[in-house]
Amino acid sequence: MKPETKTTVYKNTKISYTDQGKGTALVLLHGFLENQTMWSAFVPEFSKKYRVVTVDLLGHGATESLGYVHSMEDQADMVHAVLHDLKIRKVVLVGHSMGGYVALAFAELYADSIKGMVLLNSTSRADSDERKINRDRAIVAVKQNYTAFVRMSIANLFSEDNREKLVNEIELVKLEALKTPLQGIVAALEGMKIRKDREVILHFASYPIQLILGKKDGVLVYEDSVDQIKGTNVNLTTFADGHMSHIENEAELFKVLFEFLKKV
């Protein structure tokens, strides 16, 4: 059953979310150019055992933009406000890519609210200088040719082998991405560019953390991503494909998430 989309208001901004099931609260946070529909294969299964909340982040999906820069702290405060509305005190966070940056900001701001965290194709490290330059280039590119930028950005998230195999799936992701307004895209790029390094959370968190990486991820350098968890208790799972593990490795991801949730 498709969850019913609900709305609330945060700082005069309309926020779209879903809330389904009972039990431990599992909050699913999408990435850049995505929205809560990215979780549509997962919600029906997980909501049989858990209370599953999905949220459209600021400037994405049906959630309005709050400003011209959406910092990861802004996003985390908004998610916290939604959970407060729902009277949810403790959560397991699963964040894909930018959603992982939001999860880490949430963990820093609301440490007592977290029971566990999954970083899916994400990193705790801040942008490198080179990455910051690329974000600025992306802002110029999306303003010049919005559609070309979005379509190209999505294609690059999949491993090269999968770009041919998953043509239909990729097209659907592109169509969802093209619903993201220009202001939302720019505000997210600005927000990711200025985000803090939060590697310290991986070392000192009092709750379990699972990191899931794609060996052929074109967005994150695999070796750097592994390096950040040296000397931590973070559990690592590596899939063979790209940045879109929820599509490229859907069945394996289900298994890993279910196993993690048993431990929480």
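None of the values given here were measured: they were computed from a predicted structure.

**Re the nonpolar core**
Within the largest apolar cluster, 62 residues are counted, with the highest numbers of intra-cluster contacts made by Phe32, Met78, Val79, Phe106 and Met117. Setting aside chain neighbours within four positions, we find Phe106 in contact with Ala76, Val79, His80, Leu83, Val91, Leu93, Ala111, Ser113 and Ile114.

**What about the pattern of salt bridges?**
Taken as a whole, this structure holds 16 salt bridges when the rule is applied. A salt bridge links Glu73 to Arg198; its shortest N-O distance comes to 2.8 Å. Of this pair, Glu73 sits in helix H2 (residues 72–85) while Arg198 sits in the loop between helix H8 (182–193) and helix H9 (199–204), and the two are 125 residues apart along the sequence. We classify Glu73 as partly exposed; its relative accessible area is 24%. A salt bridge links Lys193 to Asp136; its shortest N-O distance comes to 2.7 Å. Remark: Asp136 occurs in helix H4 (residues 129–144) and Lys193 occurs in helix H8; sequence separation between them is 57 residues. When its relative accessible area of 15% is taken as the criterion, Lys193 is described as buried. Classification of Asp136 as partly exposed rests on a relative accessible area of 35%.

**Details of the environment of Val94**
Inspection of the secondary structure puts Val94 in strand E5 (residues 91–96). For the pair Val94 and Glu190, spaced 96 residues apart in the sequence, the C-alpha separation amounts to 22 Å. When sequence neighbours within four positions are dropped, the list of residues in contact with Val94 reads Leu26, Val27, Leu28, Leu29, Trp39, Val118 and Leu257.

**Quick look at the layout of surface pockets**
If you add up the space inside the largest pocket, you get close to 940 Å³. Looking at the largest pocket, it is lined by 32 residues, and the ones nearest its centre are Arg131, Arg135, Gly218, Val219 and Leu220. Mapped onto the lining of the largest pocket, the elements with two or more residues apiece are H4, helix H5 (146–155), H8 and helix H10 (222–227). In terms of residues, the lining of the largest pocket owes the most to one element, H4, which gives 5 residues. Here the residues of the lining of the largest pocket are counted per class, giving 13 nonpolar, 11 polar and 8 charged.

**What to know about the pairing of strand E8 (residues 235–239)**
As paired strands, strand E7 (residues 209–214) and E8 are joined by 5 bridges and run parallel to one another. Bridge pairing in E8 links Gly214 to Phe239. One crossover worth recording links E7 to the parallel E8 by way of H10, and it is right-handed.

**Focus: the sheet that holds strand E1 (residues 5–10)**
Adjacent strands of a sheet pair through backbone hydrogen bonds, lying either parallel or antiparallel. Spatial ordering of the open sheet is given by E1-E2-E4-E3-E5-E6-E7-E8, a layout of 8 strands whose pairing is mixed. What marks the edges here is a single partner per strand, and that holds for E1 and E8. Recorded for the sheet is a direction-independent mean angle of 20 degrees between the axes of neighbouring strands. Its contacts with the sheet put helix H3 (residues 98–109) on strand E3 (25–29), E5 and strand E6 (114–120), and the angle it makes with E5 is roughly 145 degrees. Strands E3, E5, E6, E7 and E8 of the sheet are contacted by helix H12 (residues 250–263), whose axis makes an angle of about 170 degrees with E7.

Cut-offs applied
Residues numbered from 1 in each chain as written. Predicted model: local features only at pLDDT ≥ 70, side-chain atom pairs only at ≥ 80, totals over all residues. Heavy atoms only, no water. Core = buried A, V, L, I, M, F, W, Y, C linked by side-chain atoms within 4.5 Å. Buried < 20%, exposed > 50% of the residue type's maximum accessible area, 1.4 Å probe, protein only. Contact = heavy atoms within 4.5 Å. Salt bridge = Lys/Arg side-chain N within 4 Å of Asp/Glu carboxyl O. Helix = DSSP H or I, 4+ residues; strand = E, 2+ residues; numbered from the N terminus. 1 Å grid on protein atoms, 1.4 Å probe; cavity = no way out; pocket = protein on both sides within 12 Å on 5 of 7 lines; lining within 4 Å. Points joined across faces, edges and corners; volume = space filled by probe spheres on them. Nonpolar A, V, L, I, M, F, W, Y, C, P; charged D, E, K, R; others polar. Pairing = 2+ DSSP bridges. Right-handed = clockwise from strand over helix to strand, strands pointing away. Axes fitted to C-alpha atoms, helices over the stretch in contact; angles between N-to-C directions.

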